[in-house]
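Spelled out from the first residue to the last, the chains are:
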Amino acid sequence: MATLQISSSLFRSFFLTLCLFAIPSLSSDSDPLQDFCVGDLKASPSINGFPCKSSVSASDFFFSGLGGPLNTSNANGVSVAPANVLTFPGLNTLGLSMNNVEFAPGGVNPPHSHPRATEAGIVIEGSVFVGFLTTNNTLFSKVIQAGEMFVVPRGLVHFQWNVGKVKARLITSFNSQLPGSAVLPSTLFGSNPTIPNAVLTKTFRTDDVTVNKLKSKFAV
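Residues numbered from 1 in each chain as written. Predicted model: local features only at pLDDT ≥ 70, side-chain atom pairs only at ≥ 80, totals over all residues. Heavy atoms only, no water.

Trainee: Any chance you could explain the packing of aromatic side chains here in plain terms?
Mentor: Here a ring pair, both rings aromatic, is described through the centre-centre distance and the interplanar angle of the planes. All told, the structure shown has seven aromatic pairs when counted by the stated rule. An aromatic cluster is built from Phe129, Phe159 and Trp161, whose rings are joined through pairwise contacts. (Phe/Tyr/Trp six-rings, centres within 6.5 Å; stacked < 30°, edge-to-face > 60°.)

Shown next, in the form of structure tokens:
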């Protein structure tokens, strides 16, 4: 009888543990516990964002920073204006953010990933080649026009390229107040401290001369 009681107790504990681990996470950021929590950017962030400001006003819930035009006179021919918790504190704890992305003709938003969010976007003007790569190295891509949307699953490497002869513009959204961005070229060749050349030459099957040239281009 004692053996049966112990087995029953172990079973109940095991079942409860399974139930706890089976509860799904339905969003990228944690759910808020109040109507809003406008971030106090002067304080240090916690696991779910910044502490709340003690006093708020209507202006905390409006943002004009997504307008353009943006300056795309750079090596990649692209510029991004973010509306995330760091630029728009009203988004704090709400689990969303947006970007205005503008391209010069031929401009490229280089391969990158957002470790904390899925991305959805819509082309506002121009023709943009959008692609993302799965973890088995399959490329999904398409040229999309104004009014068409795309989605990039969370954490996957993706890129955008203006294939038109005029400027292009995207508005993108994320299910995180601060999705983060790991841009592959600058991450690999512009890190601080730098990744050892031995790692990069072996990874890309090249030599020190090539790696050093690339590092010089992405040095901070």
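Moving on from the coordinates now.
Trainee: Is there a simple way to explain the sheet that holds strand S1 (residues 78-83) in this structure?
Mentor: Pairing between the strands of a sheet is mediated by backbone hydrogen bonds and can be parallel or antiparallel. Strands sit in the order S1-S2-S9-S4-S7 across an open sheet of five strands; the sheet is antiparallel. Edge positions in the sheet fall to S1 and strand S7 (149-152), since each has one partner strand and no second. The mean angle between the axes of side-by-side strands here comes to 20°, regardless of whether they run parallel or antiparallel. (Pairing = 2+ DSSP bridges. Helix = DSSP H or I, 4+ residues; strand = E, 2+ residues; numbered from the N terminus. Axes fitted to C-alpha atoms, helices over the stretch in contact; angles between N-to-C directions.)

Trainee: I would appreciate a short explanation of the nonpolar core in the present structure.
Mentor: Most often, soluble globular proteins have nonpolar side chains that are buried together. If you look at the biggest cluster of nonpolar residues, it comprises 13 residues, and the most contacted ones within it are Phe103, Val128, Phe150 and Leu170. Listing elements by their share of this core, those giving two or more residues are strand S2 (97-103), strand S5 (127-133), S7 and strand S9 (168-174). When residues in this core are grouped by element, the largest group, three residues, is from S5. Those residues within four positions of Phe103 in sequence are excluded, and the remaining contacts are Thr72, Gly77, Val78, Val108, Asn109, Gln160, Asn162, Lys167, Ala168 and Leu170. (Core = buried A, V, L, I, M, F, W, Y, C linked by side-chain atoms within 4.5 Å. Buried < 20%, exposed > 50% of the residue type's maximum accessible area, 1.4 Å probe, protein only. Contact = heavy atoms within 4.5 Å.)

Trainee: Would you mind showing me how to read the pairing of strand S4 (residues 119-125) here?
Mentor: A regular strand places its side chains on the two faces of the sheet in alternate fashion. Taken together, the four bridges between S4 and S7 define a ladder with antiparallel strand orientation. Opposite Ile122, over in S7, you have Met149 as the bridge partner. As defined by bridge partners, S4 adjoins S9 across six bridges and the pair is classed as antiparallel. Residue pairing for S9: Glu125 is matched across the bridge by Arg169.

Trainee: In this structure, what is going on with a nonpolar patch on the surface? I would like to understand it.
Mentor: On the surface, a nonpolar cluster with roughly 390 Å² of combined accessible area is contributed by Phe36, Val56, Phe61 and Phe62. By secondary structure assignment, the location of Phe61 is in the loop between helix H1 (2-22) and S1. Judged by its relative accessible area of 34%, Phe61 is partly exposed. (Patch = residues over 30% accessible without salt bridge, like charges linked within 9 Å, V, L, I, M, F, W, Y side chains within 5 Å. Areas by Shrake-Rupley, 256 points an atom, 1.4 Å probe, with all protein chains shown as cover. Salt bridge = Lys/Arg side-chain N within 4 Å of Asp/Glu carboxyl O.)

Trainee: Where do I start with the state of the cysteines in this structure?
Mentor: Throughout this description, disulfide means a covalent bond between two cysteine sulfur atoms. The final tally for this structure, using the stated rule, is one disulfide. Here Cys37 pairs with Cys52 through a disulfide, and the sulfurs are 2.0 Å apart. Between Cys37 and Cys52, the disulfide has an S-S torsion of -110° and is therefore left-handed. Of this pair, Cys37 sits in the loop between H1 and S1 while Cys52 sits in the loop between H1 and S1, and the two are 15 residues apart along the sequence. For Cys37, a relative accessible area of 3% translates into the label buried. A relative accessible area of 41% means that Cys52 is categorised as partly exposed. (Disulfide = S-S within 2.5 Å.)

Bear in mind that shape data such as this cannot, by itself, settle questions of function.
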